[in-house]
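# Examination of the molecular architecture
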Amino acid sequence: MKCPSCGEPETKVIDSRGVGDGIRRRRQCIVCNSRFTTYERLQSANLLIVKKDGRREDFNRDKLLTGIRKACEKRPLPIGIIEKLVDNIEIELYRLGKAEVPSSVIGDIAIERLQSIDHIAHIRFASVYREFADLATLKQAVDILMESKAKEPPAGQLRLISHDEFNANRGGRRRNK
Ligand SMILES: [Zn+2]
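Below: a short report on this structure.

What counts and how
Every chain is numbered independently, its residues counted from 1 as its sequence is written. The model is predicted, so local features are restricted to residues of pLDDT at least 70 and side-chain atom pairs to those at 80 or more, both for listing and for counting; the totals for chains, interfaces and linings are taken over all residues. Hydrogens are left out, water is left out, and the side-chain values use all remaining heavy atoms of the structure. Only protein chains enter the accessibility calculation, which uses a 1.4 Å probe. A residue is then buried if its area is under 20% of the maximum for its type, exposed if over 50%, and partly exposed in between. A run of DSSP states H or I qualifies as a helix once it reaches four residues; a run of E qualifies as a strand once it reaches two. Both are numbered from the N-terminal end. Pairing of N or O atoms within 3.5 Å defines a polar contact, subject to two protein rules: one partner must be a possible hydrogen donor and the other a possible acceptor, and residues neighboring in sequence count only if both atoms are side-chain atoms. For two strands to be treated as a pair, DSSP must find no fewer than two bridges joining them. Lines are fitted to the C-alpha atoms to define the axes, a helix being fitted only along its stretch in contact, and any angle between axes, read from their N-to-C directions, falls within 0 to 180 degrees. By definition in these notes, contact holds between two residues if any of their heavy atoms fall within 4.5 Å. For Na, K and Ca the donor cut-off is 3.2 Å, and for all other metals it is 2.8 Å, counting N, O and S atoms only; because water is absent from this set, sites may look incomplete. Four donors are marked tetrahedral only if all angles between them lie between 85 and 135 degrees, whereas four are marked square planar and six octahedral if opposite donors are more than 155 degrees apart and the other angles lie between 65 and 115; the remainder are marked irregular.

For helix 4 (residues 119-129), the full list of buried residues reads Ala 121, His 122, Ile 123, Phe 125 and Ala 126. Structurally, the start of helix 4 carries an N-cap: the backbone nitrogen of Ile 120 is 3.1 Å from a side-chain oxygen of Asp 118.

Dropping the structure here:
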């Protein structure tokens, strides 16, 4: 594992711990001392994805990652959360213990997980992956989004004050003069 800063091939492991079915190692370059993290996971037996048209293809982690990244584009998400999400989806898929999994199952798992991370990304992903079976499903997703947005006014927008509050303020200022 080459140091990403200086290319030195020798690094020392300063911490390692299990995450899911893999191992996370914190490494330090012996030359420039920069630190980085590697993940090691078992190459599982081939998992086949059954596509809508019945064709089968190997499960492709990168493809899933690309799809989710696209849905999360320009969303204010913490660094590393997308990779972690894909890790978790992958672990969940292998835990199913099946040789073949319909593509819709992956989509459903991803959609469900995205819902708790980011509503916009959730809707984007769902609209591509599930092609929203019907308008009611799309409306439902948008409604949930609108509800959650209504609770928190956009940053920078002032709270609306009532007419009474406004008059009270004006009165107050007048009294001060
Ligand atoms: Zn280095």
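The strand order across the open sheet built from 3 strands is 5-4-6, with neighbouring strands paired in mixed fashion. Looking at strand neighbours, the two that pair on one side only are strand 5 (56-58) and strand 6 (100-102), the edges of this open sheet. Across the sheet, the axes of successive neighbouring strands diverge by a mean angle of 35°, strand direction being ignored. Two strands pair when backbone bridges link them, and strand 4 (residues 48-50) and strand 6 are joined in this way by 3 bridges, in the parallel orientation. Looking at strand 6, one finds that Val 50 is bridged to Pro 102. Lying on the sheet, helix 3 (residues 103-115) is in contact with strand 4 and strand 6; it crosses strand 6 at an angle near 65°.

Glancing now at the coordination of the zinc ion. Donor atoms from the polypeptide that bind the zinc ion are Cys 3 (SG), Cys 6 (SG), Cys 29 (SG) and Cys 32 (SG), placed at 2.2 to 2.4 Å. Coordination geometry of the zinc ion: the 4 donor atoms subtend angles of 104 to 118° at the metal centre, consistent with an arrangement described as tetrahedral. Ordering the donors of the zinc ion by residue number gives the pattern C-x2-C-x22-C-x2-C. Placement of the pair is Cys 6 in the segment before strand 1 (11-19) and Cys 32 in the loop between strand 2 (22-29) and strand 3 (35-41), with a sequence separation of 26 residues.

Moving on: the sheet that holds strand 1. Strands sit in the order 1-2-3 across an open sheet of 3 strands; the sheet is antiparallel. On the outer flanks of this sheet lie strand 1 and strand 3, each paired with one strand and no other. Taken over all neighbouring pairs, the strand axes of this sheet differ in orientation by 25° on average, direction set aside. Two elements, strand 2 and strand 3, share 7 bridges in a ladder whose sense is antiparallel. Residue pairing in the sheet places Arg 24 in a bridge with Tyr 39 of strand 3.

In short, the description is geometric, and any link to function would need to be established separately.
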